[in-house]
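Notes for the structure review
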Amino acid sequence: DAGVIQSPRHEVTEMGQEVTLRCKPISGHDYLFWYRQTMMRGLELLIYFNNNVPIDDSGMPEDRFSAKMPNASFSTLKIQPSEPRDSAVYFCASSRTDVGEQYFGPGTRLTVT
Amino acid sequence: AQKVTQAQTEISVVEKEDVTLDCVYETRDTTYYLFWYKQPPSGELVFLIRRNSFDEQNEISGRYSWNFQKSTSSFNFTITASQVVDSAVYFCALSGFTSGTYKYIFGTGTRLKVLA
């Protein structure tokens, strides 16, 4: 089975531009998580979905961030407009249950200049 | 509020030495789950173990072992006979049910360097 797939792997954009990160979870996993990792703040949960429905988005930093899961095999995390402080590695993870082991994707390294 | 503390920022050992990574957690939940993940230099996080709050049995998996003690709110991870391939950042994480949803908190990680 393929693992969690994320695209793009690297993204460099200018401040003010819209950025869309994509994730394909493992088939059969009902939970999908978006994390952000920075040196300053470590690994933070942004939002997670259960059966395509957002369950907890309390970690989403501000209105510039939005996440969707239109179907069981695809999710997006959008930043509009992007700012330099959004530079980080964004991970997507999926799991069979809400407290099960999470399988992480390779991450998207975002650089906003 | 939930909290995970990994006080050791970085540890260096020589190959074949044993090493213990500390994890101390805080939670008011009676039901919670503890995890360890490994992040090798390639960057992808890899699940190592999950423990629920009702199971204090220690676990051993090959060279890895975990010691869960509710009395001290600790969930420590020991690598026996360390190898260079164990070099990575290790994260301890906590999941507790709060206000109707599970909350997931990661520690700041411990960078382990195993020297040949």
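Residues numbered from 1 in each chain as written. Chains lettered and ligands numbered in written order. Predicted model: local features only at pLDDT ≥ 70, side-chain atom pairs only at ≥ 80, totals over all residues. Heavy atoms only, no water.

All right, on to the pattern of salt bridges then. Residue and element names in this part refer to chain A. For the structure shown, the criterion picks out 13 salt bridges over all chains. A salt bridge links E18 to K78, with the nearest nitrogen and oxygen atoms 3.8 Å apart. With E18 in the loop between strand 2 (10-13) and strand 3 (19-24) and K78 in strand 8 (residues 74-79), this pair connects stretches of sequence that are 60 residues apart. The partly exposed category is assigned to E18, whose relative accessible area is 46%. Residue K78 is classed as partly exposed on the basis of its relative accessible area, which comes to 30%. The structure contains a network of salt bridges with shared partners spanning E62, R64, E83, R85 and D86. (Salt bridge = Lys/Arg side-chain N within 4 Å of Asp/Glu carboxyl O. Helix = DSSP H or I, 4+ residues; strand = E, 2+ residues; numbered from the N terminus. Buried < 20%, exposed > 50% of the residue type's maximum accessible area, 1.4 Å probe, protein only.)

We now examine the nonpolar core. Residues and elements named next belong to chain B. Grouped together as the largest cluster of nonpolar side chains are 23 residues, with contacts concentrated most on W36, F77, Y90 and L112. Secondary-structure elements contributing two or more residues to this core are strand 2 (10-14), strand 3 (19-21), strand 5 (32-39), strand 8 (64-69), strand 9 (74-79), strand 10 (88-98) and strand 12 (110-115). If one sorts the elements of this core by residue count, strand 10 sits on top with four residues. Residues within four places of F77 in sequence aside, it is in contact with V19, T20, L21, W36, L48, Y64, S65, W66 and Y90. (Core = buried A, V, L, I, M, F, W, Y, C linked by side-chain atoms within 4.5 Å. Contact = heavy atoms within 4.5 Å.)

Here we take up the interface of chain A and chain B. Counting from both sides, the interface comprises 18 residues of chain A and, opposite them, 16 residues of chain B. Around 1,600 Å² of area is buried between chain A and chain B when both sides are counted, 57% of it from carbon and sulfur atoms. Among the residues of chain A in contact with chain B, L43, V99 and F104 of chain A are the three that bury the most area, contributing 36% of the side total. Remark: the boundary between chain A and chain B carries one salt bridge. The partner of K103 of chain B in a salt bridge is D56 of chain A, and the shortest N-O contact between them spans 2.7 Å. For the pair chain A and chain B, the number of links is seven residue pairs in polar contact (both at pLDDT 80 or more). Counting residues per element, the ones that place at least two in the side of chain A that touches chain B are strand 4 (31-38), strand 5 (42-50) and strand 6 (53-56) of chain A. Residue composition of the side of chain A that touches chain B, by class: ten nonpolar, five polar and three charged. (Buried area = accessible area lost by both parts, 1.4 Å probe. Polar contact = N/O pair within 3.5 Å; in protein donor to acceptor, adjacent residues only side chain to side chain. Nonpolar A, V, L, I, M, F, W, Y, C, P; charged D, E, K, R; others polar.)

Right, let's get into the pairing of strand 12 of chain B. Residues and elements named next belong to chain B. The two faces of strand 12 differ: T110, L112 and V114 on one face are buried, but R111, K113 and L115 on the other face are not. Alignment of strand 2 against strand 12, held across five bridges, turns out to be parallel. Looking at the pairing, E10 lines up with R111 of strand 12. Across three bridges, strand 10 lies against strand 12 in antiparallel orientation. The residue of strand 12 that forms the bridge with V89 is R111. (Pairing = 2+ DSSP bridges.)

On to the packing of aromatic side chains, then. Counted under the stated rule, the structure contains 24 aromatic pairs over all chains. A ring pair is formed by F33 of chain A and Y35 of chain A, whose centres lie 6.3 Å apart and whose planes are at 25°; its orientation type is stacked. Grouping residues by exposure puts F33 of chain A and Y35 of chain A together as buried. Here the aromatic rings of F91 of chain A and F104 of chain A are separated by 6.1 Å at their centres, their planes lie at 80°, and the arrangement is edge-to-face. Here F104 of chain A lies in strand 10 (residues 103-104) and F91 of chain A lies in strand 9 (residues 88-95), a separation of 13 residues in the sequence. Here F104 of chain A falls in the buried class, since its relative accessible area comes to 4%. What links up through ring pairs into an aromatic cluster is the set Y31, F33, Y35, Y48, F91 and F104 of chain A together with F35, Y37, F47, F91, Y104 and F106 of chain B. (Phe/Tyr/Trp six-rings, centres within 6.5 Å; stacked < 30°, edge-to-face > 60°.)

With that out of the way, let us pick up the pairing of strand 11 (residues 108-112) of chain A. All names here are of chain A. On strand 11, burial follows the alternation: T108, L110 and V112 on one face are buried, whereas R109 and T111 on the facing-out side are not. In this sheet, strand 11 lies alongside strand 2 in parallel orientation, the contact comprising four bridges. Opposite E11, over in strand 11, you have L110 as the bridge partner. Two elements, strand 9 and strand 11, share three bridges in a ladder whose sense is antiparallel. Following the sheet pairing, Y90 is matched in strand 11 by T108.

All quantities given are derived from atomic positions and should not be read as evidence of function.
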